[in-house]
Every structure is written in structure tokens, then in C-alpha cells.
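Survey of secondary and tertiary structure
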Amino acid sequence: MENKGTPNGAASISIGGKDLGLPILKGTLGPDVVDIRKLYGETDVFTYDPGFTSTAACESQITFIDGDKGVLLHRGYPIGQLAEQSSFLEVCYLLLNGELPTADELTKFERTITLHTMLHDQMDRFFQGFRRDAHPMAVMVGTVGALSAFYHDSTDITDLQQRTISAHRLIAKMPTLAARAYKYTIGQPFIYPRNELGYAENFLRMCFAVPAEDYQVNPVLAKAMDKIFILHADHEQNASTSTVRLAGSSGANPFACIAAGIACLWGPAHGGANEEALNMLKEIGTVDRIPEYVQGVKDRKYRLMGFGHRVYKNYDPRAKVMQQTCHEVLAETGHGDDPLLKVAMELEKIALNDPYFVERKLYPNVDFYSGITLRALGFPAEMFTVLFALARTVGWIAQWKEMIEDPSQKIGRPRQLYTGPAMRDYTPVDKRG
Ligand code: ACO
């Protein structure tokens, strides 16, 4: 890759009487960046930025977010257009390859992914090792990491073809793994993938069919599932993607790196938020209890889950599509009068007009409506983050590939502001007071 932006002047910094010029680089879109790579070598100081609120940790050409304007672009294409007009596998192709495919390229790509949907037969035994009540995200962390033990022929990260095959395998096998994680917890037999079905259709069937009775996939629900996958496909350098990049920077194999990303996604401040948002709506229960709940948020007893975002200080563009998809799914499944939907819509209205939330620029994020939608599709709350992981796998692997293929890539090794004890002598235990 090595584009490294366009030079756009220089910043100067004066430290301990020494002046240093730092180049400023301009990307295609977004804020300029001050290139501080020489700072430590020349001035003996680090920068301090816990939470990376002012730090661009890499150069990337995949996804762009303008958080103030509520814009999300994948390879330049707005998320709203992709969600309305594209398919998840086409978005996967776009994220991985940089351009939309021709019709032939798309057919070939869909066929390639389809051919990788099965798991090594012995992998099924892995599932048997988990407790039946294991959280499916725990099962995903374990089984995705275990892929590295089964697909040795795609773990050489220096080989382009192996990198590509590992990307295809991950995208193809994730629905099979996720469906098995679900089936295992409910004690039903695993359902094998069917290659004549589309990506989302196949996933729904693997989750909801049983050997005794097949499952006719509802096309409206399959389309909604596909759209939900598109909405979660990539999101720039978020916590789990940065985890994948950091894990991959040491040369770890892609399956292990994606397992690390899944572990990070699990947390309630990240992918776990949709489960928490649904729990919150259930806890509120009825519209009349909203004011009391909102007061609790203002008293800082808890946060409004599904609200706020580190980057979006405007409406999350994915939340708009998700809200519409939510209405479509609820209408199709006959849950149009779901009381939780009423609570969500009223809560959103109140929060968007309340100075506490307005002043802090807190808007609904993609997770606010996704919980109710996924519940109407038939998924239990524990599966919500698993579905997020399934969809985000393409973003993780595209970002991982971009990093590995960047000639300036180095192992990620942050430094620190040390505030622990200065050097002191060891005291034997009998001399300690
Ligand atoms: N409810 C109430 N207040 C909030 C919320 C919220 N959901 N989010 C932020 N705030 C408040 C904070 O209390 C703080 O107020 P203060 O300045 O008076 O102290 C201010 O807004 C800024 O909050 P930070 O924590 O500094 O914002 P940050 O950017 O670090 O947090 C985060 C982003 C973690 C997403 C946060 O908004 C949050 O916890 N939201 C709820 C969880 C959630 O929905 N996560 C999903 C994110 S989207 C995704 O992962 C797909």
C-alpha cells in the first residue's frame, strides 16, 4: 500500500528548548495527521493518548467515518446505498478487493465462498467439549481460534494465496460455526450448509431448521438478515479491529487474530451493547417508566445502552437503516405491536430532545434497534454479539490483509507513562515491617 497521504505542511513543537518540525499528512477525507514517528528518537518524549482519541494508528483505504456528519463509507460507497442496493457478499468483495465486482467476478466470488462453508468433520467434536450453557461467544472465541489447528495450509501469512484462502474460509465458515454455537446451546443437532442457498438464507436455515422438519426461509427475513450483516461488515479502526491488527502485527495467523477480535467484540461497551440495549428495554418494560429510567441515566446510575458512540457525534447512519429494517421484520413476523418497540421509539424521541443527551451529542447507535430486530428474527439475546462477529469478520480480515500487505508495517508496540515506584532494593521478607 504505502501511500502515506499527501504532505500538507509541517507542525513544529518545542520540547526542552529543542525545536522539531513534524510533517502533516493529508488523506483523501478526514482530519490531517501529524506524523510523530520521529518524535521519541529526536526529543526523548512520548505522546500520551489513552483510548487513542487523537491517534491514527495506521493508514487505511477501506472505511471512512465522519462522526460529526454521520457519514460511513466503504471504499467510498455510502453505507445507506450499500444496505439498500448491494448484498453482503458483494460488500465482502468490495471490502477485500477495493472495487465493486463485475457480474462474473461476483458469481465467482459467491461460488468460492459457498465451496468453503463446511467445517472439517473433526471440528464438531470441539463443540462437544463445551458446557451446554456456555455463552456462544465463548464457543466462538474457542472454535475460531481452533480453525488454525485445522487449516494449516492457509496460515502462512507471507503467501498471498494462503492469505486469500484464509479470508475466504473465515467468511464462509463463520455462519456454520455461529449456527453450531447456537444449536449446541439449545441441544439440537447441527444442520449442514446448503450450497444452493444465499449466504443469509443458508445461515438462517442452519440456525432454525431441524432434521425432522425443514425450514422454509422467508425471503423478507433473509433480506433483512443480509442487510444487518452489511451494516456490521466494517467500521474503521474500532476496538476489535484494532485488536485484530495488533494481534496480526506480530505475525500471528489470521484465525488466531480473528479469535482475538471476537474476544474484544464481546465486551458490553462494544459488540455486547445490543444485548444490553434489549435488556434495558425489557427492564423499562412500559412507556410510562421511561422518565424514571432517564433520570437514573442522568444520576449516572447506568448508561443508556445503544446510545452514544466514540466517533459518531450525530445519528449513526447504520442506526437509520436498522430502524427501518426493525419495522420491516416486526411487520413480517407479526410483532408490529411489540411493546419493546414502543418503548424504544419513545425513549429515542425523549433522549433526542433532552438537553442532557443533546449537549453530550448522544444519538442512537446501530445497537439500539438491532436487539429488537434480532429477537423478532428468532435469535436469543446471547446470539446477538455472535451475529455481529459473523458480519464483522470480513472487516477484520480485510483490515488484517491490508496491514500485512503494507510494506511499512511494524509490530504494534505502544509505550506508556510510567507512574509506578522508582527503582528500589528488594527487602527480605523477615525485614519487612
Ligand atoms: N448514556 C448516558 N451517558 C452517556 C452515554 C450513554 N450511553 N454514553 C456517553 N455518555 C456520557 C458520559 O457519561 C459522558 O458524560 P460527561 O461528559 O458528563 O462525563 C459523555 O457522555 C462522554 O462519554 P464518554 O464515555 O467519554 O464517551 P466515549 O466516547 O468514551 O464512549 C461509548 C463511547 C463507550 C460507546 C459510550 O457512548 C457508551 O458507553 N454507550 C453505551 C454502550 C453502547 O451502546 N455501545 C455500542 C457502541 S456501537 C458499537 O460498538 C457497534
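I will try to describe carefully the structure that is included in this document. (Residues numbered from 1 in each chain as written. Predicted model: local features only at pLDDT ≥ 70, side-chain atom pairs only at ≥ 80, totals over all residues. Heavy atoms only, no water.)

Describing helix α8 (residues 199-208)
- Judged by how many residues are buried, α8 sits mostly within the fold: eight of ten residues are covered.
- Buried positions along α8 lie against α3 (88-97), α4 (103-115), α7 (160-186), α9 (219-231) and α18 (384-404). (Buried < 20%, exposed > 50% of the residue type's maximum accessible area, 1.4 Å probe, protein only. Helix = DSSP H or I, 4+ residues; strand = E, 2+ residues; numbered from the N terminus. Contact = heavy atoms within 4.5 Å.)

Description of the pairing of strand β5 (residues 71-74)
- Bridge analysis of strand β4 (residues 63-66) against β5 gives four bridges, and the strand direction is antiparallel. The residue of β5 that forms the bridge with Ile65 is Leu72.
- Strand direction decides the pairing type here: β5 and strand β6 (residues 77-78), joined by two bridges, are antiparallel. The residue bridging Leu73 from the neighbouring strand is Pro78, located in β6.
- Count of turn residues in the β5/β6 antiparallel hairpin: two residues, of which Arg75 carries a positive phi of about 50°. (Pairing = 2+ DSSP bridges.)

What about the nonpolar core?
- In this structure, Val144, Phe203, Met225 and Phe379 are the most contacted members of the largest nonpolar core, which totals 114 residues.
- Sort the elements by how many residues they give to this core and α18 lands first, with 14 residues.
- Setting aside anything within four residues of it in sequence, one finds Met225 in contact with Ala200, Phe203, Leu204, Leu374, Leu377, Phe379 and Leu387. (Core = buried A, V, L, I, M, F, W, Y, C linked by side-chain atoms within 4.5 Å.)

Considerations on the sheet that holds β6
- Strand order in the open sheet formed by three strands is β4-β5-β6, with antiparallel pairing between adjacent strands. The open sheet terminates on both sides in strands that have one partner only, identified here as β4 and β6.

Structural notes on the pattern of salt bridges
- Summed over the entire model, instances satisfying the criterion amount to 17 salt bridges.
- A salt bridge links Arg194 to Glu196, with the nearest nitrogen and oxygen atoms 3.1 Å apart.
- For Glu196, a relative accessible area of 56% corresponds to the exposed category.
- A salt bridge links Glu346 to Lys349, with the shortest nitrogen-to-oxygen separation between them at 3.5 Å. Residue Glu346 and its partner Lys349 are located together in helix α15 (residues 339-353), separated by three residues, close to a single helical turn.
- Assessed through its relative accessible area of 26%, Glu346 is described here as partly exposed.
- Take Lys349: its relative accessible area is 51%, and that puts it in the exposed class.
- Linked by salt bridges that have partners in common, Glu84, Lys227 and Glu328 make up one network. (Salt bridge = Lys/Arg side-chain N within 4 Å of Asp/Glu carboxyl O.)

Things to note about the side chain of Ser249
- Mapped onto the elements, Ser249 comes out in helix α10 (residues 239-249).
- There is a polar contact of 2.8 Å between the side chain of Ser249 and the backbone nitrogen of Gly412.
- Residues contacting Ser249, with those up to four places away along its chain left out, are Met403, Gln409, Lys410, Ile411 and Gly412. (Polar contact = N/O pair within 3.5 Å; in protein donor to acceptor, adjacent residues only side chain to side chain.)

Everything listed here is a matter of coordinates, which is why it stays silent on function.
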